[in-house]
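Structural features, examined
Next come the chains, spelled out residue by residue.
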Amino acid sequence: MSDEKLAAKAALKERRRIPAIWLLPFIALMIVIFLIWRTLYQNGLEVHVHFDSAKGMKVGKTEVRYNGLAIGKVARMTMTENLEGVDVELEMDRQMEEYLREYSQFWLVQPQLSVAGVSGLDTLVSGNYIAFKPSEKGEKKLSFSALKAPPAPGIEEGGLSLVLQADELSSVQEGSPVYYRRLKIGEVTRYSLSPDDQRVDIHVYIKPAFSHLVRKNTRFWNAGGVDISGSLTNLKVRTQSLISMIQGGVALYTPEWEEEEPEATDGSRFSLYTDYDAAEAGISISIEFPMDVALGQEKSKILFHGMEVGVIKDTSFNDDYTAIVAEAVIRPEAKPILVKGARFWVVAPQINLKGITGLETLLGGRYIAMDVSQVDMKKAEPATQFAGLGQKPPASPSSPGLHLELRADALEGLSQGSPVLYRKLPVGEVESYTLSNEGVVIKVLISPKYQHLVNKSTVFWNISGVTLEGGLQGFKVRAGTLNSMLSGGIAFKTPDLNAARVSNKTRFVLYDDITRASETGKVIDIQFESADGLQVGTRMKYKGLEMGRVTELNLDKDKKSIQAKVLLKENAGWLARSGSRFWLVKPKLGLTNTAHLETLLTGLYIGVSPSASARVTEQETFVADSRAPDDQPRSSGLRIQLISSQLGSIKPGNPVYYREIPVGTVTGFRLGSPADKVIIFLNIEDHYASLVTEKSRFWNASGVDINFGLFSGAKIRTESLEALLAGGIAFATPEQAEPAAAETSFELADKPKPEWLKWAPGIVLP
């Protein structure tokens, strides 16, 4: 019922439709749009690229490629307005539109053949093409300038771009390989002068897989060609590979001994060393040598007890051109010996009388030797600046053995290396010598196994060359070993092996010969007005016997007199007492007094008059008389005194006559006290002492006594020709009596009375 009602109420309407003819314009529009889109898409993008030259490019044929896939081609080429280039219009695949940005790059690929290798070989078949390097950085653009060469690989590929700075380009070129342990890990991309035009900047690229090998302390060196270094005995030839010999190359390494440094970042700068030795990592030091030292060839080795520990890198003058400064690199393992006190010296071949040393340097070249003492190593005071020497220095004070100092007046034929002998057995050598205020100080080293032979009783003497001693009465010849005759030498002896031991730096006197060294005795100082006639070795005599000799001559503190040190013989110590008198004995020539002529041949000597006082004290310092003392008493004979108003021609040594026979001698004289008379001392020989009694009379017998009378004529009297020339004293005794006592005084008459001459007592002589 309800269905019927609904059906009855339904109303039918006619629907209007669009005619099919109206679809044709719409379809035509869509076709036009499609054709336009297809045309624009197939024609691609128009990209303008500026090239310096169109050489090798053709319109419609030269392709644009990316990773070997063609993505475009050359559509048109036109010259620039200034005729300095070519504007090339490229038609490129629209898929590249998103990659045509500010940092996109174009360059022409063509075949190249060089020592670095062959590139672009595929263009020989397909022709040149334009390579494209897309980029997603920067703003979109459709106009570019082509690169003159392929771009260097960079950080975009995950690698590492570095700049190496060198003084010159050498054999490095674009494409030269970069090696690590002879494995290629990168290449040289380009090079140019530095901004200041003083160096060459070499750009290298390290592949991503090896970029972690480069750290802040990595060292680079030129590995191109063949590196030949060394000497005839140590020739080194280095090369990385055959390729590096042809096209050059760069090698690198990171010192393992240094603390680990951070990895290098893109754009980091490093120095490019000339070779491996220059790049070798180590501790840099400087050694300053004297100007007279010839260092020899560059890259001289530094040896520590025969082991190579470093190398000289460069040499130059110091600021004031007074020394040569050697820049060296020491291996890291030798760092503990680079301390204050380390010594460096040049080892060179030497040929002398002692033999040949440094023979190995004739082939291997000079080298630098190095040494350091254990004491300095224990102190461990690091140093990088050292003073070099031209020859081997003396042994270090801490080296094994006994280090002694010998003082001498002169070097006398000794040199560094001269042997030290004990019983003609070499037990040490001379290490060095220096001048001092006291003369020459010679440092010697006694071998450890012989150092027990030296103690407080040891004496040293010089045995250099041949010693000839003597005079007209004979001579002696002394010589050591042949080596000591040629190169000098020192000998020693130790009289008491049980004496106290000595320590390092103990100082001894170096005597001229064994005779001087064997002398022992007391040393006294005698002050002289001048050193005329004095010298080291001048003898001291007493009654013709040698009592000592001069060992030193020096100015006194005030520099007004000469201080002579005299070594007395062991049995002459009794001369060093108060009251002893000293003087220099010189020859005397004259008609009236000639003495000490033997000094013309044997040399002057020091005379001595020992103290006659019973109360004496020991004394070490004396003042010499300018001449022999006026009174020199004799040890035997009768000593008497004559008193006269004046001395006249009387002199010490004048004879004393009795009946014209010499029986005594004038021994001296002095002024009396008060000084109104002269006291003359005589010594009468013991055999004639009984001739002198208290009644004896003395007169001056000097000269000639002449009496002249008109009727008596002339009478000439003299005691003797000697008295006539040299002067003398005569006496007469009236009768035999008790002999006069010692120190008895008599008057000295100018001439004898007549009765004195008539006295003729019969005195019996013993």
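Since the model is a prediction, treat every value here as computed from it, not as a measurement. (Residues numbered from 1 in each chain as written. Predicted model: local features only at pLDDT ≥ 70, side-chain atom pairs only at ≥ 80, totals over all residues. Heavy atoms only, no water.)

Helix and strand counts for the protein stand at 11 helices and 52 strands. Across the protein, every contact between residues at least 6 apart in sequence was considered, and the portion connecting residues at least 24 apart equals 69%. Accessible area for the protein stands at about 45,500 Å²; split by element, carbon and sulfur atoms hold 54% of it. (Helix = DSSP H or I, 4+ residues; strand = E, 2+ residues; numbered from the N terminus. Contact = heavy atoms within 4.5 Å. Areas by Shrake-Rupley, 256 points an atom, 1.4 Å probe, with all protein chains shown as cover.)

What follows covers the sheet that holds strand E27 (residues 385–389). Pairing is mixed around the closed barrel formed by seven strands, whose spatial order is E19-E22-E21-E20-E26-E23-E27. Across this sheet, the average inter-strand angle for adjacent strands is 35°, counted without regard to direction. Of the pairings in the sheet, the one linking strand E19 (residues 283–290) to E27 comprises three bridges and is parallel in character. When the sheet's bridge partners are listed, Ile 287 is paired in E27 with Phe 386. (Pairing = 2+ DSSP bridges. Axes fitted to C-alpha atoms, helices over the stretch in contact; angles between N-to-C directions.)

So, on to the pattern of salt bridges. Overall, the coordinates contain 20 salt bridges when judged by the stated rule. The residue Glu 98 makes a salt bridge to Lys 140 at a minimum N-O spacing of 2.8 Å. Separated by 42 residues along the polypeptide, Glu 98 in the loop between strand E4 (86–92) and strand E5 (105–109) and Lys 140 in the loop between strand E8 (129–133) and strand E9 (143–145) bring together distant segments of the chain. Since its relative accessible area comes to 42%, Glu 98 is described here as partly exposed. (Salt bridge = Lys/Arg side-chain N within 4 Å of Asp/Glu carboxyl O. Buried < 20%, exposed > 50% of the residue type's maximum accessible area, 1.4 Å probe, protein only.)

As a further point, take the side chain of His 403. With respect to the helices, strands and loops of the structure, His 403 is situated in strand E28 (residues 402–408). Exposure remark for His 403: the relative accessible area of 11% places this residue in the buried category.

A few words now on the sheet that holds strand E3 (residues 69–79). Reading across from one edge, E5-E8-E2-E3-E4-E1-E9 is the order of the seven strands in this open sheet, with mixed pairing throughout. The two strands at the open ends of the sheet, each matched to only one other strand, are E5 and E9. The mean angle between the axes of side-by-side strands here comes to 30°, regardless of whether they run parallel or antiparallel.

With that out of the way, let us pick up the nonpolar core. Counting residues in hydrophobic clusters, the biggest one holds 25 residues, and the most contacted among them are Ile 285, Phe 289, Leu 295, Ile 302, Phe 344, Ile 368 and Met 370. For this core, the secondary-structure elements that each account for two or more residues are E19, strand E21 (307–317), strand E22 (323–330), strand E23 (343–347) and strand E26 (367–371). In this structure Leu 295 touches Phe 289, Ser 300, Thr 315, Ile 324, Ala 326, Val 346, Arg 366 and Ile 368, once residues within four positions along its chain are discounted. Counting 24 residues, the second largest nonpolar core, distinct from the first, contains Val 663, Ile 680, Phe 731 and Leu 748. (Core = buried A, V, L, I, M, F, W, Y, C linked by side-chain atoms within 4.5 Å.)

Further remarks concern a nonpolar patch on the surface. A surface patch of nonpolar side chains, amounting to about 1,000 Å² of accessible area, comprises Leu 23, Phe 26, Ile 27, Leu 29, Met 30, Ile 31, Ile 33, Phe 34, Leu 35 and Trp 37. With respect to the element layout, Trp 37 can be found in helix H2 (residues 23–43). (Patch = residues over 30% accessible without salt bridge, like charges linked within 9 Å, V, L, I, M, F, W, Y side chains within 5 Å.)

When you line up the elements, Ser 194 lands in the loop between strand E12 (183–193) and strand E13 (200–206). Overall, the relative accessible area of 5% leaves Ser 194 in the buried class. Sequence separation of Ser 194 and Gln 165 is 29 residues, and the distance between their C-alpha atoms is 8.2 Å. Among the polar contacts made by the side chain of Ser 194, one reaches the main-chain amide nitrogen of Gln 198 at a distance of 3.4 Å. (Polar contact = N/O pair within 3.5 Å; in protein donor to acceptor, adjacent residues only side chain to side chain.)

Below, the discussion takes up the pairing of strand E47 (residues 678–684). Here E47 lies mainly inside the structure; seven of its seven residues are buried. Relative to E47, strand E44 (residues 638–644) runs antiparallel, the two being bridged by seven bridges. Across the sheet, residue Ile 640 finds its bridge partner in E47, namely Leu 682. In sequence, strand E46 (residues 661–671) turns back onto E47 through a hairpin of six residues.

With that out of the way, let us pick up the pairing of E28. Across the seven residues of E28, seven count as buried, placing the element largely inside the fold. Where burial is concerned, the two faces of E28 agree: the one with Leu 402, Leu 404, Leu 406 and Ala 408 and the one with His 403, Glu 405 and Arg 407 are both buried. Pairing of E28 with strand E31 (residues 439–446) involves seven bridges; the strand directions are antiparallel. Among the inter-strand pairings, Glu 405 is bridged to a residue of E31, identified as Lys 443. The pairing of E28 with strand E36 (residues 506–511) spans four bridges and is parallel. Following the sheet pairing, Leu 406 is matched in E36 by Phe 508.

A full pass over the atoms with the stated rule returns 17 aromatic pairs. Measuring from centroid to centroid gives 5.4 Å for Phe 317 and Tyr 321, while their planes differ by 35°, and the two rings are tilted. A relative accessible area of 46% means that Phe 317 is categorised as partly exposed. A centroid spacing of 5.0 Å and a plane angle of 55° characterise the contact between Phe 698 and Phe 746, whose relative ring orientation is tilted. Taken together, the positions of Phe 698 in strand E48 (residues 697–700) and Phe 746 in strand E52 (residues 745–749) put the pair 48 residues apart, joining distant regions of the chain. Under the relative-accessibility criterion, Phe 698 is labelled buried at 0%. Overall, the relative accessible area of 7% leaves Phe 746 in the buried class. Taken together, the aromatic side chains of Tyr 66, Phe 106, Phe 132 and Phe 144 make up a single cluster linked through ring pairs. Sitting above the plane of the Tyr 605 ring, Lys 541 keeps its charged end 4.9 Å from the centroid. (Phe/Tyr/Trp six-rings, centres within 6.5 Å; stacked < 30°, edge-to-face > 60°. Lys NZ or Arg CZ within 6 Å of the ring centre and 35° of its normal.)

Our focus in this paragraph is the environment of Glu 46. In this fold, Glu 46 is placed in strand E1 (residues 45–51). Distance in space between the C-alpha atoms of Glu 46 and Ala 75 is 8.5 Å, their sequence separation being 29 residues. The contacts of Glu 46, once residues within four sequence positions are left out, are Arg 76, Glu 89, Leu 90 and Leu 142.

Next up on the list: the side chain of Lys 541. Inspection of the secondary structure puts Lys 541 in strand E38 (residues 539–542). Setting aside its immediate chain neighbours within four residues, Lys 541 contacts Glu 546, Met 547, Tyr 605, Ile 606, Gly 607 and Val 608.

Moving on, we get to the confidence of the model for the protein. For the protein, per-residue confidence averages 81 on the pLDDT scale, and 81% of positions sit at 70 or higher. Predicted confidence is poor over residues 710–714, with pLDDT under 50, and the contacts of this stretch with residues over four places away or in other chains come to four contacts. (pLDDT = per-residue confidence, 0-100.)

The omega torsion across Ser 673 and Pro 674 is 5°, close enough to zero to call that bond cis. Mapped onto the elements of the fold, Pro 674 is located in the loop between E46 and E47. With a phi close to 55°, Ala 380 is a non-glycine residue in the positive phi region. By the element assignment, Ala 380 lies in the loop between helix H7 (374–379) and E27. The class for Ala 380 is partly exposed, based on a relative accessible area of 46%.

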